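Listed below are the residues making up each chain.
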Amino acid sequence: MSRQAGKRIVDLVRRTAIGSAVLASVGACALNGAVESPNAIPPSAMPTLAPMLERVLPGVVSIAASGQFSAEEMALIRDPEFRAMLGLPKRMRPEEGRFLVQGSGIVIDAPTGTILTTRHLVDGADEIAVTLKDARSLPGRIVGTDAAGDIAVIQVEARDLVAVPLGNSDDLRVGDFVVAIGNPFGLAQTATLGIVSGLGARNPTEPDGSFIQTDASINPGNSGGALVTLRGELVGVNDSLIGSAVGNSGIGFAIPIARANRSVDRLLRRNVTRP
């Protein structure tokens, strides 16, 4: 192997966050020409998050929430200047009286079909459709919401659900690696890798409470999805981002699971008798 080829391999491994062990065993050999073939690195030795994601992804669902616009919202939709600004037809169509938003949710209790998501996703919805990773689509029922914490709990009736293991957000440190999982832009499940870039952060769009700040991409549709550690443990609920409506600026916010759990416990005690 040439020195240049060896350097490319080392650079690739160095840029991979969890590749330090591979770098130690392969990097030096690559630079001094001791590696005889690119096949010298067995596939099993390459760093990957695939095994963890294979366990966690079934526990992250897609949520479509629809409902009737409020009277205040309808007044705005009917306003001729507003419609002209958005390029809408002058005459309002019947279907414009309802909204449809898409986001994500997290199965936190498989036997009872309990799903955690954000309140702003389901706020005002009268119909909720939950789509699982295996493509099953299920009607969801709102158990309760916490406006201050931006938390909602919904339930579905289904067998063979998979819950995401709970972690401890209180143990997080700035610099820890995390993975954001959700359904951005209505696409299939995606996972983005980043670090915890701040703790106890104040979210300008959600002033109540402190948040986990991360540079893992949290795009529209990721709201309500899971923020997990490299062990696949749930430490946050993806909430919002700072940036444009169509892209991520590297500043995302997640609700710490420790805070979310307190809301969930209150809502379940109030609304659900668990077996």
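Residues numbered from 1 in each chain as written. Predicted model: local features only at pLDDT ≥ 70, side-chain atom pairs only at ≥ 80, totals over all residues. Heavy atoms only, no water.

A.B. asks: So, unusual backbone geometry: which residues are in play, and what are the values?
C.D. replies: Phi at Ala-135 is positive, roughly 80°, even though this residue is not glycine. Residues other than glycine seldom take positive phi values, yet Asp-160 does so here, at roughly 60°. Relative to the assigned elements, Asp-160 resides in the loop between β7 (151-155) and β8 (177-182). (Helix = DSSP H or I, 4+ residues; strand = E, 2+ residues; numbered from the N terminus.)

A.B. asks: Can you lay out the environment of Leu-138 for me, pointing to particular residues and giving the numbers?
C.D. replies: On the secondary structure map, Leu-138 appears in strand β5 (residues 137-139). Note on Leu-138: relative accessible area 12%, which makes it buried. With 17 residues separating them along the chain, Leu-138 and Gln-155 place their C-alpha atoms 9.7 Å apart. Ignoring sequence-local partners within four residues, the contact set of Leu-138 consists of Ile-128, Ala-129, Val-130, Leu-132, Val-156, Glu-157 and Ala-158. (Buried < 20%, exposed > 50% of the residue type's maximum accessible area, 1.4 Å probe, protein only. Contact = heavy atoms within 4.5 Å.)

A.B. asks: With reference to specific residues and values, describe the nonpolar core.
C.D. replies: Among the nonpolar cores identified, the biggest contains 26 residues, and Ile-181 and Val-228 are the most heavily contacted of them. Those elements giving two or more residues to this core turn out to be α3 (50-56), β7, β8, β11 (226-228), β12 (234-242), β13 (251-256) and α7 (257-271). The greatest single-element share of this core, amounting to 5 residues, is contributed by α7. (Core = buried A, V, L, I, M, F, W, Y, C linked by side-chain atoms within 4.5 Å.)

A.B. asks: So what's going on with the pattern of salt bridges? Which residues, and what values?
C.D. replies: Applying the stated criterion across every chain yields a total of 6 salt bridges. Among the ionic pairs, Asp-134 bridges to Arg-136, the shortest N-O distance being 2.8 Å. Given a relative accessible area of 47%, Asp-134 falls into the partly exposed group. (Salt bridge = Lys/Arg side-chain N within 4 Å of Asp/Glu carboxyl O.)

A.B. asks: Give a description of the packing of aromatic side chains that names residues and reports values.
C.D. replies: All told, the structure shown has 2 aromatic pairs when counted by the stated rule. An angle of 55° between the planes, with centres 5.7 Å apart, marks the rings of Phe-69 and Phe-99 as tilted. Separated by 30 residues along the polypeptide, Phe-69 in the loop between β1 (60-68) and α4 (71-78) and Phe-99 in strand β2 (residues 98-109) bring together distant segments of the chain. Accessibility expressed as a relative area gives 23% for Phe-69, which makes it partly exposed. One residue, Arg-259, lies across the ring of Phe-211, its end atom 4.9 Å from the ring centre. (Phe/Tyr/Trp six-rings, centres within 6.5 Å; stacked < 30°, edge-to-face > 60°. Lys NZ or Arg CZ within 6 Å of the ring centre and 35° of its normal.)

A.B. asks: For the sheet that holds β1, give the residues involved together with the corresponding values.
C.D. replies: With antiparallel pairing, the 7 strands of this open sheet are ordered in space as β5-β4-β1-β2-β3-β7-β6. Every other strand in the sheet has two partners, leaving β5 and β6 (141-146) as the edge strands with one partner each. Along the sheet, successive strands turn relative to each other by an average axial angle of 30°, direction set aside. Pairing of strand β4 (residues 127-131) with β5 involves 3 bridges; the strand directions are antiparallel. Directly across from Thr-131, in β5, lies its bridge partner Ser-137. (Pairing = 2+ DSSP bridges. Axes fitted to C-alpha atoms, helices over the stretch in contact; angles between N-to-C directions.)

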